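Now for the letters of each chain:
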Amino acid sequence: MPLLLNGDKALAQAASSRPRLPGPNPPPILFDVIRNHDVIGTHRVEFQGNSGEFSVRTIIDITVRVLGVSVFVYRHDGTERWKGGLLRAFDSKTTDDDSEFFVTGRAEAGAFRVVNRKGTEMAPADIMVGSYWTPEIAQQSQLIDPQRGRVKPQQLLSTDKMDLQSGKDSIQATRYQVAGVTEGWVAYDSGGRWVAAQLKKKGADISYQLRG
């Protein structure tokens, strides 16, 4: 076993507690995005790889219409690449109505470099993206904003248990109330799979309802 220096040991300990895939060969997670009781789009999370090396892709497609006319469009496509329990790369592109965003992130020696349209930011090597596909993300004190590529603080305000209904199934979940990259709560089942959310976006309450 190689000898670890203090910094390397801390990094290795962080990696040992990093997120893992929610079970072997996890199927995609697909949410209907709901605003004022209307479905306005979808949020899909796809997984590839195994517990040691995997990727997570987040695809969001939202269109708000008023009297049949599109008044707001949001598209996001982001991919995280994980290896050895640490984020190694992140790339995203986002259309937020009439604004375009591109983010590129790469692991470096002891750090994670993020390039956004404002410039470059350096994050700790154990940083995560605010994509919320795993409960470990909700527990972090700082995250990469997946749209803007900024490193932002996060507060975990509270946790509690809740029962959810998905089709004919009842799900017991743990809910995390967060503030930072996003405002609201995210919930996960006992296996760490994301099953629901209620977030505040553009001043409106947005609900995530698990499909199928």
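Residues numbered from 1 in each chain as written. Predicted model: local features only at pLDDT ≥ 70, side-chain atom pairs only at ≥ 80, totals over all residues. Heavy atoms only, no water.

Thoughts on the overall build of the protein
The following threshold applies: Secondary structure elements follow DSSP: runs of H or I no shorter than four residues count as helices, runs of E no shorter than two count as strands, and numbering proceeds from the N terminus. The size measure is the radius of gyration over C-alpha atoms, and the globule rule it meets is 2.2 Å times the number of residues to the 0.38 power. Note on exposure labels: buried denotes an accessible area under 20% of the residue type's maximum, exposed denotes more than 50%, and partly exposed covers the range between, all computed with a 1.4 Å probe on protein chains only. Any pair of residues with heavy atoms lying within 4.5 Å of one another is described as a contacting pair. All accessibility values rest on the Shrake-Rupley procedure with a 1.4 Å probe; residue burial counts only the protein chains present in the view.
Secondary structure summary: the protein contains two helices and 15 strands in total. Relative to the globule expectation of 17 Å for 212 residues, the C-alpha radius of gyration of the protein, 17 Å, shows essentially globular dimensions. Across its three principal directions, the C-alpha atoms of the protein cover 65 × 40 × 30 Å. The buried share of the protein, taken over its 212 residues, is 46%. Intrachain contacts of the protein at a sequence separation of at least 6 include 38% that bridge at least 24 residues. Here the protein displays about 11,500 Å² of accessible surface, and carbon together with sulfur accounts for 48% of that area.

Quick word on the layout of surface pockets
Defined as follows: A cavity here means a set of points on a 1 Å grid, drawn over the protein atoms and nothing else, where a 1.4 Å probe fits but cannot get out; a pocket is an open set with protein on both sides within 12 Å along at least five of seven lines, and a residue lines either one if it has an atom within 4 Å of a point. Grid points are joined across faces, edges and corners, and a volume is the space filled by probe spheres set on the points.
Estimates place the volume of the largest pocket at around 710 Å³. In terms of lining residues, the largest pocket is bounded by 28 residues, among which I60, Y74, Q147, T182 and K201 are the most central. If you list the elements that add at least two residues to the lining of the largest pocket, you get β2 (38-49), β3 (53-66), β4 (69-83), β14 (194-201) and β15 (204-210). Top contributing element to the lining of the largest pocket by residue count: β3, with four residues.

Details of the pairing of strand β5 (residues 86-96)
Going by this rule: A pair of strands is treated as paired once DSSP finds two or more bridges between them.
Two strands pair when backbone bridges link them, and β4 and β5 are joined in this way by ten bridges, in the antiparallel orientation. Residue pairing in the sheet places H76 in a bridge with T94 of β5. What sits between the antiparallel neighbours β4 and β5 is a turn of two residues, in which G84 has the positive phi angle 60 degrees. Two successive antiparallel strands, β5 and strand β6 (residues 99-108), enclose a turn made up of two residues, where D97 displays a positive phi of approximately 60 degrees.

Regarding unusual backbone geometry
Located in the positive-phi region is D97, a residue other than glycine, with phi close to 60 degrees. Within the element layout of this structure, D97 appears in the loop between β5 and β6. Note on D97: relative accessible area 39%, which makes it partly exposed. Within the chain, Y132 stands out as a residue other than glycine whose phi angle is a positive 60 degrees. With respect to the helices and strands, Y132 occurs in the loop between β8 (119-124) and α2 (135-138). The exposure class assigned to Y132 is buried, which follows from its relative accessible area of 4%.

With respect to the confidence of the model for the protein
Any region with low pLDDT has predicted coordinates that should not be read closely. Basically, it comes down to this: You can read pLDDT as the predictor saying how much it trusts each residue, on a scale of 0 to 100.
Scored by pLDDT, the protein has a mean of 89; 92% of the residues are at 70 or more. Confidence over residues 1-16 falls short of pLDDT 50; this stretch has nine contacts with residues more than four positions distant or in other chains.

Thoughts on the pattern of salt bridges
Note on pairing: side chains with opposite charge can pair once their charged atoms come close. Worth spelling out the cut-off: Just to be clear on terms, a salt bridge is a Lys or Arg side-chain nitrogen sitting within 4 Å of an Asp or Glu carboxyl oxygen.
All chains considered together, the criterion is met by eleven salt bridges. For the salt bridge of R75 with D61, the shortest nitrogen-to-oxygen distance reads 2.6 Å. With R75 in strand β4 and D61 in strand β3, this residue pair connects regions lying 14 residues apart in the sequence. Exposure remark for R75: the relative accessible area of 31% places this residue in the partly exposed category. Notably, a salt bridge pairs R81 with D91, separated by 3.5 Å at the nearest N-O pair. On the criterion of sequence distance, the pair formed by R81 in strand β4 and D91 in strand β5 is long-range, its members being ten residues apart. What makes D91 partly exposed here is its relative accessible area of 22%.

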